[in-house]
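# Understanding the architecture of this molecule
Here is what each chain is made of, one letter per residue.
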Amino acid sequence: MAKSAIKKSALRVSENGLEKKTSSKRLEVLKTYKIYIGGQFPRTESGRYYTPVNKAGEKLANVCLSSRKDFRDAVVAARGAFGGWSGRAAFNRGQILYRMAEMLEGRKEQFISELLRQDSTKAAAQKELNLAIDRLIYYAGWCDKFQQLFSAVNPVASSHFNFSVPEPMGVVAIVAPQGDGLLGLVSAIAPVIAGGNTCVVLASETKPLCSVTFAEVLNSSDLPGGVVNILTGKPAELISGMVNHMDVNATIYCENNSSVKASIREQSAVNLKRIYFYDHLNWQKDEGQSPYLIMDTQEIKTTWHPIENIAGAGGSY
Amino acid sequence: MATAGSIRTLPDFSLSPRIDQVGVEERASRFTKRSIKKETKMNGLKLVLNMIDLTTLEGKDTDGKVKQLCYKAMHPHDAVDGIPKVAAVCVYPSMVKVAKKAVEGSGIKIASVVTAFPSGQAPRDIKIRDTKYAVNEGADEVDMVISRGKFHAGEYNFVFDEIAAIKEACGTARLKVILETGELGTYDKVRRASDIAMHAGADFIKTSTGKIQPAATMPVTLVMLEAIRDFYYKTGKMIGMKPAGGISKSKLALHYLVMVKETLGSDWLTNEWFRFGASSLANDVLMQIVKEKTGLYQSANYFSVD
């Protein structure tokens with residue numbers, strides 16, 4: 001009885017052509033491009049959005065137009081995450097960066113389709129994505145190796161064991177490059193977090209799609225919430241708030257706008273933020289990756305450790 | 001029949017008003033919607049700082065830690081002019097003498113937790129000795145905990161008598177009664193415990209020890225503020241309020257001030273009648289004050305470690 005009822009209804013559906021109709025009429029579930037703060041995907045608290053357009057005039061998406069308040073919230077999240085992230089074993093940080101590369105590799109299709117919508121050619125998109133993945137692997141390897149290269153045991157003329165080691169600065173504010181929506185973002189973030197810093201990144205204003213999707217990669221890579229926070233919006237609105245925030249330790253600016261650079265220099269003075277301008281770097285080339293980029297957001301700490309001077313008594317270590 | 005007369009004035013605590021949970025939570029959430037900016041915010045922040053009971057209640061407390069806290073109480077942030085002192089320093093009885101000496105002449109009060117804080121699981125004579133010890137050492141204010149177990153068992157007379165006995169042992173010191181609302185469970189019980197404490201002689205009622213989660217919340221504080229208001233209408237006697245634990249952001253503290261103002265009125269907006277039991281709130285308030293003065297969002301790096 002029940003069987004025949006099912007058969008009947010199935011029949012009715014195909015007779016009316018409902019099956020076909022429902023599938024063709026189905027509304028696509030489009031992704032809301034939100035920002036990434038403290039491991040969550042909130043909308044901007046301001047409720048504002050903007051609609052970037054590609055060269056063909058196609059609207060890319062309604063993207064969050066982040067406010068200064070969003071930036072401050074992100075700084076709170078980044079500061080909260082700093083102790084845990086910098087305190088992790090360097091090897092473990094490397095594992096997590098490697099995991100990020102794995103996750104990125106697994107979502108190639110999605111990134112390529114976004115890059116294509118953002119005016120990239122097929123070959124260029126493929127190249128940019130591969131480079132981004134390889135870059136993560138590159139910095140994953142450096143996580144537990146740059147310290148040995150850049151630290152030193154120093155000869156001193158007193159009874160001290162004296163050594164200098166790099167330590168992460170803290171919270172780094174990054175204005176990502178406008179071109180290379182994915183590669184530029186990854187290249188700016190990776191050396192900062194490889195060294196144990198946390199960061200707040202303002203993604204490319206004109207090509208923001210990959211940055212939000214990259215946040216989803218971060219979210220599934222065991223990267224603790226708050227280590228990387230990604231905002232979308234207009235640099236012109238946000239940069240001033242980024243560089244005069246007392247709880248930000250360094251600023252990285254990847255564009256070449258001399259008046260913006262001057263204002264960054266000036267406003268960063270309030271708490272002597274470190275400033276780095278990466279406008280001269282070509283992210284597509286080898287110069288876009290280097291352990292020296294990790295060292296940019298490291299401070300050298302020198303420790304004087306008192307030791308008993310046993311050499312004077314004729315012995316030695 | 002004098003005794004019978006005084007007994008008759010005591011209400012039956014099992015008939016304390018029942019609390020509408022949905023209503024009280026909704027009402028409490030409304031207080032967070034007020035916009036407080038610029039000059040009002042600045043005045044509010046200074047008031048909050050001036051109402052703080054700077055607290056250290058750790059097993060690992062040392063004389064040095066207490067002295068450091070007392071210095072902070074007197075000099076919250078000397079880099080900026082016009083910053084008020086906190087209201088009191090709150091310590092264990094064994095630290096009262098050290099603290100009292102450290103704040104000498106500053107006008108800052110010393111509060112001490114007593115009665116086998118935080119559990120309150122001790123015989124009454126020990127609790128009374130604990131109280132007397134703290135007062136003899138120089139405590140200006142005494143924070144006692146109620147016996148929550150007895151309260152849950154319905155032995156309201158026991159709880160009442162105990163508070164009355166501690167009040168007597170306090171002498172001139174002001175008595176704050178900690179209800180430990182996180183262990184009471186319902187708003188009805190919070191209201192009932194508030195009524196018992198106030199009738200038994202509390203000068204202040206206080207939400208929590210800070211050792212139990214949840215500690216102070218806005219709805220719980222509102223229930224207690226309304227109990228204070230009803231008690232005031234009935235007897236004409238003002239009772240102070242001290243939410244403690246879990247208030248670490250200045251924005252939240254300002255919401256509490258709004259709630260006090262709109263429930264009890266401006267008379268309670270002084271550290272004579274309202275306190276915050278907190279340790280990390282002070283730094284957040286200081287950071288906000290400096291932000292208001294300089295326009296720059298601050299970093300904890302530039303404020304004292306506590």
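Keep in mind it's a predicted model, so treat the numbers as computed, not measured.

Attention now moves to the packing of helix H6 (residues 124–137) of chain B against helix H8 (residues 156–170) of chain B. Residue and element names in this part refer to chain B. Close contact between H6 and H8 brings their axes to 9 Å; oriented N to C, the two are set at 30°. Regarding the angle of H6 to H8, the classification is roughly parallel. Helix-helix and strand crossings are classified by hand; for H6 and H8 the assignment is right-handed. Of the residues in H8, those in contact with Arg-124, Lys-127, Ile-128, Thr-131, Lys-132 and Val-135 of H6 are Glu-162, Ala-165, Ile-166, Ala-169 and Cys-170.

This next bit is on the sheet that holds strand S8 (residues 250–253) of chain A. Residue and element names in this part refer to chain A. Ordered by their spatial adjacency, 5 strands build an open sheet running S7-S6-S5-S8-S9, and the pairing between neighbours is parallel. What marks the edges here is a single partner per strand, and that holds for strand S7 (228–231) and strand S9 (274–277). Here the average twist between neighbouring strands, direction ignored, is 15°. Pairing analysis gives 4 bridges linking strand S5 (residues 171–175) to S8, with the strands arranged parallel. The residue bridging Val-172 from the neighbouring strand is Ala-250, located in S8. Helix H8 (residues 183–194) contacts S5, strand S6 (198–202), S7 and S8 of the sheet and is inclined by roughly 165° relative to S6. Contacting S5, S6 and S8, helix H10 (residues 235–243) crosses the sheet at an angle of about 160° to S5.

A word on the environment of Ser-112 of chain B. All names here are of chain B. Within the fold, Ser-112 resides in strand S3 (residues 109–113). Of the residues examined, Ser-112 has 31 C-beta atoms within 10 Å and is grouped as buried. Considering only alpha carbons, one finds Ser-112 and Val-96, 16 residues apart in sequence, at a separation of 6.8 Å. Residues in contact with Ser-112, not counting those within four places in the same chain, are Val-91, Tyr-92, Pro-93, Val-96, Ala-134, Ala-139, Val-142 and Asp-143.

Here the focus is the sheet that holds strand S10 (residues 298–306) of chain A. All names here are of chain A. Here we have 3 strands laid out as an open sheet, ordered S3-S4-S10, and antiparallel in their pairing. At either margin of the open sheet sits one strand with a lone partner, and together these are strand S3 (152–154) and S10. In this sheet, adjacent strand axes meet at a mean angle of 25° when their direction is disregarded. Pairing between S3 and strand S4 (residues 160–168): 3 bridges, direction antiparallel. Looking across to S4, one finds that Ala-152 is bridged to Ser-164.

Another point: the confidence of the model for chain B. Residues shown with low pLDDT carry predicted positions that ought not to be read at fine detail. Residue and element names in this part refer to chain B. The pLDDT averaged across chain B works out to 94; a share of 97% of its residues lies at or above 70. Ignoring residues within four places in sequence, the model shows residues 1–7, a span with pLDDT below 50, making 0 contacts including any to other chains. Note on the complex model: pTM 0.86, ipTM 0.82.

Attention now goes to the interface of chain B and chain A. With 5 residues of chain B at the contact, the number on the chain A side is 6 residues. Each residue belonging to the side of chain B that touches chain A can be placed in one class, and the counts come to 3 nonpolar, 2 polar and no charged.

This part is about helix H9 (residues 209–219) of chain A. Residues three or four positions apart in an α-helix share a direction because the helix packs 3.6 residues into each turn. A large share of H9 of chain A lies buried, amounting to 8 of its 11 residues. When H9 of chain A is considered as a whole, its buried residues turn out to be Leu-209, Cys-210, Ser-211, Val-212, Phe-214, Ala-215, Val-217 and Leu-218 of chain A.

Further remarks concern the environment of Ser-120 of chain A. All names here are of chain A. With respect to the helices and strands, Ser-120 occurs in the loop between helix H5 (108–117) and helix H6 (122–142). What makes Ser-120 buried here is the crowd of 22 C-beta atoms within 10 Å. Sequence-distant contacts of Ser-120, that is, excluding residues within four places in its chain, are made with Leu-115, Ala-125 and Glu-128.

Thresholds applied
- Residues numbered from 1 in each chain as written.
- Chains lettered and ligands numbered in written order.
- Predicted model: local features only at pLDDT ≥ 70, side-chain atom pairs only at ≥ 80, totals over all residues.
- Axes fitted to C-alpha atoms, helices over the stretch in contact; angles between N-to-C directions.
- Helix = DSSP H or I, 4+ residues; strand = E, 2+ residues; numbered from the N terminus.
- Parallel < 35°, antiparallel > 145°, perpendicular 65-115°, else oblique.
- Left-handed = near helix turned anticlockwise from the far one by under 90°.
- Contact = placed C-beta atoms within 7 Å.
- Pairing = 2+ DSSP bridges.
- Buried ≥ 20, exposed ≤ 12 C-beta atoms within 10 Å, placed from the backbone.
- pLDDT = per-residue confidence, 0-100.
- Nonpolar A, V, L, I, M, F, W, Y, C, P; charged D, E, K, R; others polar.

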